[in-house]
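For reference, the chains in residue letters:
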Amino acid sequence: MLKIAKERLNELYAKINETMGLFIPIKRAGEVNYAIWKDGKEVSLETLKTVKSPKNMFFPQSENLMKFKKDGNNLEVIDVREKLGEKIDERPFVLFGVKACDYKGIEVLDKVFLADPVDSYYQMRRESTTIVTLACSRPEESCFCNAFGIDATAPMGDVTTWLDSEYLYWQANTEKGEKLTAIVKELLVDGGEKEVAAQQEKTKEIMAKLPYANLDLSRFTPENLNELFNAKEWEEMSEACLGCGTCTFVCPTCQCFDIRDFKTNEGVIRFRCWDSCMYSDFTLMAHGNSRTTQMQRFRQRFMHKLVYYPSQNDGLYSCVGCGRCVNKCPQKLNIVKVIKTLGGKDND
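The sections below set out a description of the structure shown in this document. (Residues numbered from 1 in each chain as written. Predicted model: local features only at pLDDT ≥ 70, side-chain atom pairs only at ≥ 80, totals over all residues. Heavy atoms only, no water.)

Details of the packing of helix α1 (residues 9-19) against helix α4 (residues 175-184)
Each pair of packed helices can be described by the angle between their axes along with the distance between the axes. Running from N to C, α1 and α4 cross one another at 115 degrees; their axes reach a closest spacing of 9 Å. The angle between α1 and α4 places the two elements in the roughly perpendicular class. At the point where α1 passes α4, the crossing takes the right-handed sense. Residues Leu12, Lys15, Ile16 and Thr19 of α1 form the contact with α4, whose own contacting residues are Leu180, Ile183 and Val184. (Axes fitted to C-alpha atoms, helices over the stretch in contact; angles between N-to-C directions. Helix = DSSP H or I, 4+ residues; strand = E, 2+ residues; numbered from the N terminus. Parallel < 35°, antiparallel > 145°, perpendicular 65-115°, else oblique. Left-handed = near helix turned anticlockwise from the far one by under 90°. Contact = heavy atoms within 4.5 Å.)

Following this line, the structure appears as structure tokens:
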């Protein structure tokens, strides 16, 4: 294991940025989100949860897919793919400071976008990015990643890091991680095993005492699909839902999107942007919509997270317990409420 003094982290960022782009939690206007690092920007690794997850690195909130130009009877299709939705160079990128829940969220997205047929836009970004994860040391009451078997004290990734008041500790896990370590090796020194082990033990003690530490997911199985789908509790739970889509936009695993063509003076641009299954016009077709009530849309979201997706992906849930929806839903209609209402008897 290696380490670097906390006061030298800006040197680490600058060293990475010499050969690779750097995407890292940046504080701006009182909020922390992932953004491209530049010297002078305020990095906030201490923030437990960025407002939005780092999925924007691979699946941007909005991106141009292609352009069409017509000249007489000739139609030209132009590839306009641009990383992160910005006109930047084609250097590989480092995604730095990813928590265990968000890293698991990327694994969920991989199974969607890298399955046949592969989404080449997502694949391009995924293959060119080295992920540096950061273990949690101060989990919040809204956290429940351990309910999904995620160890917040030992996230995977190409490199795993731990942060305390004095040092950032560094451990390479993959070939990509080893290559990144070689780039910054001159800034790192040996040591940190005891400090990391102590932090892990302390964090696990905190997590065991959190309000949602013992959520019971045992009822959410394919065998119970019909029973859960027809549960009378959906009506009551969804009554206050505003259909605002906040839960889907802060979620690290939601992958719904819309594709539109937009006419400009230079031709037609085809773009895609995030969409939400909570919206009344989601999947709207000429004949109408297959889910016509907010209850149906509310049920679809949580059945997909807890039953549909895991039944098709070897038990992997499409929720990672990050707690963003717990914090952000204006009506407190989050996935924890669904699990407690419809889940196993241990949720009582």
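Observations regarding the packing of aromatic side chains
By the definition in use, this model includes 17 aromatic pairs. Here the aromatic rings of Phe58 and Tyr122 are separated by 5.9 Å at their centres, their planes lie at 55 degrees, and the arrangement is tilted. Taken as a pair, Phe58 in the loop between β3 (31-36) and β4 (62-71) and Tyr122 in helix α3 (residues 120-127) lie far apart in primary sequence, 64 residues in all. Each member of the pair, Phe58 as well as Tyr122, is classed as buried. On the basis of an interplanar angle of 65 degrees and a centroid distance of 5.3 Å, the ring pair of Phe148 and Tyr317 is categorised as edge-to-face. With a gap of 169 residues between them, Phe148 in the loop between β7 (129-134) and β8 (159-163) and Tyr317 in the loop between α9 (294-312) and α10 (324-328) connect regions that are remote in the sequence. On the basis of relative accessible area, Phe148 is assigned to the buried category, the value being 15%. Here the aromatic cluster, defined as three or more aromatic residues joined through ring pairs, consists of Phe58, Phe59, Phe113, Tyr122, Phe249, Phe257, Trp274 and Tyr279. Its guanidinium or amino end placed over the ring of Trp274, Lys55 lies 4.6 Å from that ring's centre, counting from NZ or CZ. Looking at Arg299, its charged tip hangs above the ring of Phe229, at a distance of 3.7 Å from the centre. (Phe/Tyr/Trp six-rings, centres within 6.5 Å; stacked < 30°, edge-to-face > 60°. Buried < 20%, exposed > 50% of the residue type's maximum accessible area, 1.4 Å probe, protein only. Lys NZ or Arg CZ within 6 Å of the ring centre and 35° of its normal.)

Quick look at the pairing of β8
In terms of residue burial, β8 counts as a mostly covered element, since five of its five residues are buried. Burial along β8 is two-sided: the face carrying Val159, Thr161 and Leu163 and the face carrying Thr160 and Trp162 are both buried. By the bridge criterion, three bridges tie β7 to β8 in an arrangement that is parallel. Within the sheet, the bridge partner assigned to Thr133 lies in β8 and is Thr160. As judged from the five bridges shared by β8 and strand β9 (residues 167-172), these two strands associate in the antiparallel manner. Note on β9: the bridge partner recorded for Leu163 is Leu168. Between the end of β8 and the start of β9, which pair antiparallel, lie three residues. (Pairing = 2+ DSSP bridges.)

Thoughts on the pairing of strand β11 (residues 257-264)
On a regular strand, each side chain points to the face opposite its neighbour's, so the side chains alternate between the two faces of the sheet. Pairing of β11 with strand β12 (residues 267-274), which is carried by eight bridges, proceeds in the antiparallel orientation. Following the sheet pairing, Phe257 is matched in β12 by Trp274. Linking β11 back to β12 in an antiparallel pair, the connection comprises two residues.

Considerations on the sheet that holds β9
If you walk across this open sheet you meet the eight strands as β3-β2-β6-β7-β8-β9-β1-β10, and the pairing is mixed. Strands with a single pairing partner mark the edges of an open sheet, and in this sheet they are β3 and β10 (189-190). When strand β1 (residues 2-5) meets β10, the two strands line up antiparallel, connected through two bridges. What sits directly across from Lys3, in β10, is Val189.

Topic: the nonpolar core
Phe144, Phe148, Trp234, Phe298 and Leu306 are the most contacted members of the largest nonpolar core, which totals 46 residues. Contributions of two or more residues to this core are made by α2 (100-113), α7 (233-238), α9, α10 and α11 (335-342). The element best represented in this core is α9, accounting for seven residues. By size, the runner-up hydrophobic cluster in this structure holds 24 residues, among which are Val94, Trp170, Val184 and Leu187. (Core = buried A, V, L, I, M, F, W, Y, C linked by side-chain atoms within 4.5 Å.)

Some words on α3
Those residues of α3 lying buried are Tyr121, Tyr122, Arg125 and Arg126. The buried residues of α3 occupy an angular sector of 130 degrees when the element is viewed end-on, so they sit on one face. Those residues of α3 hidden inside the fold are in contact with β4, α2, β7, α4 and β12. A distance of 3.1 Å separates the backbone nitrogen of Tyr121 from a side-chain oxygen at the start of α3, and that oxygen is part of Asp119. (Arc of directions from axis to C-beta. Polar contact = N/O pair within 3.5 Å; in protein donor to acceptor, adjacent residues only side chain to side chain.)

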